[in-house]
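Read off the chains here:
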Amino acid sequence: RPVIKAQSSPDYVPDSQFYKIEAILRPWRVAHVSSGLMKMGIRGVTVSDVRGFGAQGGSMERQAGSEFSENMFLAKVKMEIVVSKDQVEAVIDKIIEEARTGEIGDGKIFLIPVSDVIRIRTGERGEKAERMMGGLADIISTASSN
Ligand code: ATP
Ligand code: GLN
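Everything in this summary refers to the structure shown in the same document. (Residues numbered from 1 in each chain as written. Chains lettered and ligands numbered in written order. Predicted model: local features only at pLDDT ≥ 70, side-chain atom pairs only at ≥ 80, totals over all residues. Heavy atoms only, no water.)

Observations concerning the overall build of the protein
Which entries qualify depends on this criterion: Think of it this way: any DSSP run of H or I at least four residues long counts as a helix, any run of E at least two long counts as a strand, and we number them from the N terminus. Relative accessibility decides the category of a residue: with a 1.4 Å probe and only protein chains considered, values under 20% of the type maximum give buried, values over 50% give exposed, and everything between is partly exposed. The contact criterion used throughout is that any non-hydrogen atoms of two residues lie within 4.5 Å. Every accessible area reported is derived by Shrake-Rupley at a probe size of 1.4 Å, with residue values counting cover from the shown protein chains alone.
Helix and strand counts for the protein come out as 4 helices and 4 strands. Ordered by position from N to C terminus, the α and β elements of the protein give β-α-β-β-α-β-α-α. Expressed as a percentage of its 146 residues, the buried residues of the protein come to 32%. In the protein, once contacts between residues fewer than 6 apart in sequence are set aside, the share between residues at least 24 apart is 75%. When the accessible surface of the protein is summed, it comes to about 10100 Å², and 55% of that surface belongs to carbon and sulfur atoms.

Rendered as structure tokens:
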């Protein structure tokens, strides 16, 4: 049972109806991850080309001084997926399954609470805006009504 914490507390974790799963991936695993997500019913995904520095590092060349230099960063892809709370674990498992090689540089996943979703075309908010036609929630409700 989570302990209710004051919002000003540094260990306060907001509970949310929606979460953003932000995954930093090796560029050549992105096609595997996105087709795996598609197959499970994920319909909304955003990707960006980013550059990052982690345990894998970048260039082996030594840098003078402590400032981050240009060639310390490796090409990565950031994938952002907003889902309802009950879909979070399945999406994380799928990303790991499709992205993992076991070598340093496989990336990281960050989980971020999202306070609302607004569909620009219709002005819908919340669950109505987050749901996608033929998406995971639809697939599950169709399967359970049969
Ligand atoms: P509409 O029915 O008006 O087309 P939609 O909900 O299908 O709305 P789009 O307008 O097609 O959404 O989405 C535009 C872009 O928003 C997508 O290309 C994608 O980058 C991003 N996007 C949509 N939904 C999500 C989501 N749940 N998570 C991450 N990105 C999303
Ligand atoms: N939760 C949405 C649905 O089940 C899917 C969200 C997404 O595809 N990112 O319809």
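Read on for the rest.
Concerning the nonpolar core
Which entries qualify depends on this criterion: What we call a nonpolar core is a set of buried Ala, Val, Leu, Ile, Met, Phe, Trp, Tyr and Cys residues that are connected through their side-chain atoms within 4.5 Å.
Judged by nonpolar contacts, the single largest core of 19 residues is most densely connected at Leu25, Leu37, Ile42, Ile81, Val91 and Ile95. Counting only elements with at least two residues in this core, the list comes to strand 1 (18-25), helix 1 (30-40), strand 3 (74-84) and helix 2 (88-99). Non-local contacts of Ile95, meaning those with residues more than four positions away in its chain, are made with Ile21, Ala23, Leu25, Val33, Leu37, Ile81, Arg100 and Ile109.

Some thoughts on the site of ligand 1
Cut-off, in case you're wondering: Whether a residue is near a molecule or strand depends on its heavy atoms: it is near if one of them lies within 4 Å of it. Here a polar contact is recorded for every N or O atom pair within 3.5 Å, except that within protein the pair must consist of a potential hydrogen donor and a potential acceptor, and residues adjacent in sequence are included only if both atoms are side-chain atoms. Gly is placed with the polar residues, together with every amino acid not listed as nonpolar (Ala, Val, Leu, Ile, Met, Phe, Trp, Tyr, Cys and Pro) or charged (Asp, Glu, Lys and Arg).
Residues in close proximity to ligand 1 include Gly44, Val45, Thr46, Glu80, Ile81, Val82, Arg119, Arg121 and Met132, which together make up its full environment. In the model, an oxygen atom of ligand 1 is placed 2.7 Å from a nitrogen or oxygen of the Thr46 side chain. Within the side chain of Arg121, a nitrogen or oxygen atom sits 2.6 Å from an oxygen atom of ligand 1. Notes on ligand 1: free accessible area 610 Å², of which the protein chains cover 51%. With 3 residues, the top contributor of residues to the shell around ligand 1 is strand 3. Of the residues contributing to the shell around ligand 1, the split by class is 4 nonpolar, 2 polar and 3 charged.

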